[in-house]
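Residue-level structural notes
Chain by chain, the residues:
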Amino acid sequence: MHSVQIITLSPSSWKAYEDIRLQSLKEEPQAYLSTYDTSSKEPDEKWRERLVAAQEGKEQWLSFAQQGEVLVGMAGAFTPDSTSIAAIISVYVAKEIRG
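Note that the structure is a prediction, hence the values are computed from the model and not measured.

A word on the nonpolar core. With 19 residues, the main nonpolar core has L9, Y17, I20, L51 and F64 as its most contacted residues. Mapped onto this core, the elements with two or more residues apiece are α1 (14-27), α3 (44-56), β2 (60-67) and β3 (70-78). The leading source of residues in this core is α1, at five residues. Setting aside chain neighbours within four positions, we find L51 in contact with L9, S10, P11, S13, W14, Y17, L62 and F64.

Within a beta sheet, neighbouring strands are joined by backbone hydrogen bonds and run either parallel or antiparallel to one another. Strand order in the open sheet formed by four strands is β1-β2-β3-β4, with antiparallel pairing between adjacent strands. Sheet topology places β1 (4-7) and β4 (87-93) at the edges, where each strand pairs with a single neighbour. In this sheet, neighbouring strand axes are inclined to one another by 15° on average, regardless of whether the strands run parallel or antiparallel. Judged from the eight bridges that link them, β2 and β3 form a sheet pairing that is antiparallel. Bridging from a neighbouring strand, S63 pairs with A75 of β3. Seen against the sheet, α1 touches β2, β3 and β4 and runs at an angle of roughly 85° to β3.

Let us look at α3. A rise of 1.5 Å per residue sets the reference length of α3, with its 13 residues, at 18 Å; its end C-alpha atoms lie 19 Å apart and thus fit the reference within 8%. Buried residues in α3 make contact with α1, α2 (36-39) and β2. Just beyond α3, the residue with positive phi is G57, at close to 65°.

So, about the pattern of salt bridges. Enumeration according to the criterion identifies five salt bridges in this entry. Here R48 ties to E45 by a salt bridge, and the two come within 3.0 Å at their closest N and O atoms. Remark: E45 and R48 occur in helix α3; sequence separation between them is three residues, near one turn of the helix. Classification of E45 as partly exposed rests on a relative accessible area of 41%. In this structure, a network of salt bridges that share partners links the residues K15, E18 and D19.

Cut-offs applied
- Residues numbered from 1 in each chain as written.
- Predicted model: local features only at pLDDT ≥ 70, side-chain atom pairs only at ≥ 80, totals over all residues.
- Heavy atoms only, no water.
- Core = buried A, V, L, I, M, F, W, Y, C linked by side-chain atoms within 4.5 Å.
- Buried < 20%, exposed > 50% of the residue type's maximum accessible area, 1.4 Å probe, protein only.
- Helix = DSSP H or I, 4+ residues; strand = E, 2+ residues; numbered from the N terminus.
- Contact = heavy atoms within 4.5 Å.
- Pairing = 2+ DSSP bridges.
- Axes fitted to C-alpha atoms, helices over the stretch in contact; angles between N-to-C directions.
- Expected span 1.5 Å × (residues − 1).
- Salt bridge = Lys/Arg side-chain N within 4 Å of Asp/Glu carboxyl O.

Below you can see the structure in the form of structure tokens.
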């Protein structure tokens, strides 16, 4: 079994982000304000834009857990109202690797 690494994704990896996000919404819908149905209809550009904003790291962040070549988790945060306090807005770990 491969160890888990924490990584960021470049905007060109938007499809991997979309896949793990939709997986999280499908498996644990009660944990999110967003829904699978709404998010699955988001245009490709929206996924890229989120990764661009996360890469800039000014107001929001996204980190991903990767095992081998597969994303198995993610965490997101943002700073509401331009404060220095970050609010965690999403955390997900795939069922098959939860301890």
